[in-house]
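These are the residues of each chain, in order.
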Amino acid sequence: MKTNLLDFNLAQLTDHFAAMGEKTFRAKQIMRWMHQMGEDDFDAMTDIAKTLRAKLQASAEVRVPSLMAAQEASDGTRKWLLDVGTGNGVETVFIPEDDRGTLCVSSQVGCALECTFCSTGRQGFNRNLSTAEIIGQLWWANKAMGVTPKNERVISNVVMMGMGEPLANFDNVVSALQIMLDDHAYGLSRRRVTLSTSGLVPQIDRLSAACPVALAVSLHAPNDAIRDQIVPINKKYPLSELMAACRRYLEFAPRDFITFEYVMLDGVNDRPEHARQLLQLVRDVPCKFNLIPFNPFPNSGYGRSSNNAIRAFREILQDAGVVVTVRKTRGDDIDAACGQLAGQVMDKTRRQEKWIRIAESGSE
Ligand code: SAH
Ligand code: SF4
């Protein structure tokens, strides 16, 4: 099988060329061709010697996932569905704003963590994406949008907030992050690349050593009782451990705060007393809050908090001096909002269980 060069960060690509007996500066050249020029054909890489091109043709490839669908919403939000094999697709979303362009990138096909309010979590887990499949999302979006007339890149920010738990696919995600930051590839600022996690404590520490980017933590609850219910990984890593991990991360983070995401679920976690309890919880962690009005999906069993409840909640946090933003819902007409990214997931585990249950009950 041919080696997919999109799976490599610069260090890995350099090693690969060294092992081929080639000059290591070739790695930088090829990185630029693949990621900056969006080139996937070695023959078009004109400053690479013909003999090397032939060698690469025989042993390697630049294989991006193929595009299954592309959509654009009336507010300029764009969404791409990429084929990741055997009937599965993952989504990546571009959100234009006045001062930035943010790409929301997926890390897994489905997710094993089963947060109860998340459409991806409800679908179960299929598999991790490879580095090529993660960076391939940036590759496609970049190809579709390129640079502005002022020669600035349209994608200025990346958030690992698409499908999946990025820290559960640690190695591939870290390599992809390194490619995003590399000046020979996308050259994004560390401060403008944000990884969002539901709170895998040991991996938060590993990330601070491997590739400290901006960190967002899906908090969603002010106490363990509520969080155990809606973010089940909390039973393994409860809030006291999570807060301690956030404090440790800040020593290495490119920003001096953690972003706490907080989904506003009607009647579940949106009462004034929850806001007051939150203030106690985070008192030792420099942070900002991002309140996310719940995005409904079929049979979720949850409702979105009222605007009044969101406003009251926000004011309690703000009055205590915490910076709070309320996430605007974008791309409504193409289901591109947080937690609505469904893609196409053929669940290896749960679908099978369902078939077994159906067989046992003898119906359908
Ligand atoms: N697995 C990671 C990143 C992906 S989800 C994480 O959980 O952090 C990105 C954000 O969207 C998370 O904060 C997640 O909790 C939130 N989210 C999931 N489903 C949602 C929904 N239906 N409505 C609003 N936000 C949701
Ligand atoms: Fe997975 Fe994040 Fe969804 Fe939880 S919110 S199920 S961790 S993708």
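Turning our attention to empty space enclosed by the protein. Tallied over the entire structure, the rule returns 2 cavities of 30 Å³ or more. Within this model, the second largest cavity holds a volume of roughly 30 Å³. When grouped by side-chain class, the residues that make up the lining of the second largest cavity number 4 nonpolar, 1 polar and 1 charged.

Bringing the sheet that holds strand β9 (residues 157-160) into the picture now. By way of backbone hydrogen bonds, the strands of a sheet pair with one another, either parallel or antiparallel. Read across the open sheet, the 10 strands follow the order β3-β4-β5-β6-β9-β10-β11-β12-β13-β14; overall the sheet is mixed. The open sheet has two edge strands, β3 (66-72) and β14 (323-326), and neither has a second partner. Strand-to-strand twist across the sheet, computed as the mean angle between neighbouring axes with direction ignored, equals 20°. Two strands pair when backbone bridges link them, and strand β5 (residues 89-96) and strand β6 (residues 101-104) are joined in this way by 4 bridges, in the antiparallel orientation. Counterpart to Phe94 in the pairing with β6 is Leu103. Running over the sheet, helix α9 (residues 239-250) touches β11 (214-218) and β12 (258-264) and is turned about 145° from β12.

The environment of ligand 1 is made up of 20 residues, and the closest members are Gly164, Ser196, Ser218, His220 and Asn295. Side-chain polar atom of Ser218 to an oxygen atom of ligand 1: 2.6 Å apart, as the coordinates give it. Those elements that provide at least two residues to the shell around ligand 1 are β10 (193-197) and β12. Looking at the shell around ligand 1, its residues break down into 9 nonpolar, 9 polar and 2 charged.

Turning to the confidence of the model for the protein chain, a few remarks are in order. Overall, the predicted model of the protein chain reaches an average pLDDT of 90, with 90% of residues at or above 70. Predicted confidence is poor over residues 350-364, with pLDDT under 50, and the contacts of this stretch with residues over four places away or in other chains come to 9 contacts.

Calculation rules
- Residues numbered from 1 in each chain as written.
- Chains lettered and ligands numbered in written order.
- Predicted model: local features only at pLDDT ≥ 70, side-chain atom pairs only at ≥ 80, totals over all residues.
- Heavy atoms only, no water.
- 1 Å grid on protein atoms, 1.4 Å probe; cavity = no way out; pocket = protein on both sides within 12 Å on 5 of 7 lines; lining within 4 Å.
- Points joined across faces, edges and corners; volume = space filled by probe spheres on them.
- Nonpolar A, V, L, I, M, F, W, Y, C, P; charged D, E, K, R; others polar.
- Pairing = 2+ DSSP bridges.
- Helix = DSSP H or I, 4+ residues; strand = E, 2+ residues; numbered from the N terminus.
- Axes fitted to C-alpha atoms, helices over the stretch in contact; angles between N-to-C directions.
- Contact = heavy atoms within 4.5 Å.
- Near = heavy atom within 4 Å.
- Polar contact = N/O pair within 3.5 Å; in protein donor to acceptor, adjacent residues only side chain to side chain.
- pLDDT = per-residue confidence, 0-100.

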